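Coordinates in review
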Amino acid sequence: MKYDLHKIMCRAWALYRKGVAAFAECLHRAWSSAKAEPINAQRIEEAQQTAGIEEECRTWADWKKQGREVLHGAKAAFQVLLIYASKGDGQTYRASFFPASVTQPLNA
């Protein structure tokens, strides 16, 4: 598997500039995140297929980055256990995904 070394180094420097840790630790976290990305993508795809949902699904935070908000009271379509590699400890967390049909543009 090929990794985008430029992206990994940019991520390491961004963490370092935030004062997260020493540069070596920031580089380790950036590599861990890069290695976790394909695993997380596969887990999301499998969970979406299992749930039988074909429309685009994202987390609440991802929808907000796209300029959309999840409707109040909307239920998540599915949840996935993802690797949270940016902390450097390989811990996992449960992410909830919402389909596009339960979102609306921000300030609507």
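Data block above holds the structure.
Before going into details, it helps to say that this report is about the structure given with it. These numbers come from a predicted model, not from an experiment.

For the rest of this paragraph, the subject is the packing of aromatic side chains. All told, the structure shown has six aromatic pairs when counted by the stated rule. Taken together, a centroid distance of 5.7 Å and an interplanar angle of 85° make the contact between Tyr16 and Phe23 edge-to-face. Tyr16 gets classed as partly exposed once you look at its relative accessible area, which sits at 38%. Judged by centre distance (5.5 Å) and plane angle (85°), the rings of Tyr84 and Tyr93 are edge-to-face. Connected via pairs of aromatic rings, a cluster forms that spans Trp13, Tyr16 and Phe23. Sitting over the face of the ring of Trp63, Arg58 holds its NZ or CZ atom 5.5 Å from the ring centroid.

Two elements in contact, helix H1 (residues 5-18) and helix H2 (residues 23-51), have axes whose closest approach is 8 Å; the angle formed by their N-to-C orientations is 135°. Between H1 and H2, the angle falls in the class oblique. The element H1 and its partner H2 pack so that their crossing is right-handed. Across the interface between the two elements, Leu5, Lys7, Ile8, Met9, Arg11, Ala12, Trp13, Leu15 and Tyr16 of H1 pack against Phe23, Cys26, Leu27, Arg29, Ala30, Trp31, Ala34 and Glu37 of H2. Among the residues forming the contact of H1 with H2, the class breakdown is 13 nonpolar, no polar and four charged.

Further remarks concern the environment of Glu46. One can find Glu46 in helix H2. A residue is classified by how much of its surface remains accessible, and Glu46, at 43% relative accessible area, is partly exposed. Sequence spacing of Glu46 and Val80 is 34 residues, and the spatial spacing of their C-alpha atoms is 9.3 Å.

Turning our eyes to something else, we now look at the side chain of Thr103. By secondary structure assignment, the location of Thr103 is in strand E5 (residues 103-105). We classify Thr103 as buried; its relative accessible area is 8%. For Thr103, the side chain forms a polar contact with the side chain of Arg68, separated by 2.9 Å. Side-chain polar atoms of Thr103 contact the backbone oxygen of Ala100, separated by 2.8 Å. Filtering out sequence-adjacent residues up to four positions away, Thr103 remains in contact with Trp63, Arg68, Glu69, Val70 and Leu71.

Parameters and conventions
- Residues numbered from 1 in each chain as written.
- Predicted model: local features only at pLDDT ≥ 70, side-chain atom pairs only at ≥ 80, totals over all residues.
- Heavy atoms only, no water.
- Phe/Tyr/Trp six-rings, centres within 6.5 Å; stacked < 30°, edge-to-face > 60°.
- Buried < 20%, exposed > 50% of the residue type's maximum accessible area, 1.4 Å probe, protein only.
- Lys NZ or Arg CZ within 6 Å of the ring centre and 35° of its normal.
- Axes fitted to C-alpha atoms, helices over the stretch in contact; angles between N-to-C directions.
- Helix = DSSP H or I, 4+ residues; strand = E, 2+ residues; numbered from the N terminus.
- Parallel < 35°, antiparallel > 145°, perpendicular 65-115°, else oblique.
- Left-handed = near helix turned anticlockwise from the far one by under 90°.
- Contact = heavy atoms within 4.5 Å.
- Nonpolar A, V, L, I, M, F, W, Y, C, P; charged D, E, K, R; others polar.
- Polar contact = N/O pair within 3.5 Å; in protein donor to acceptor, adjacent residues only side chain to side chain.

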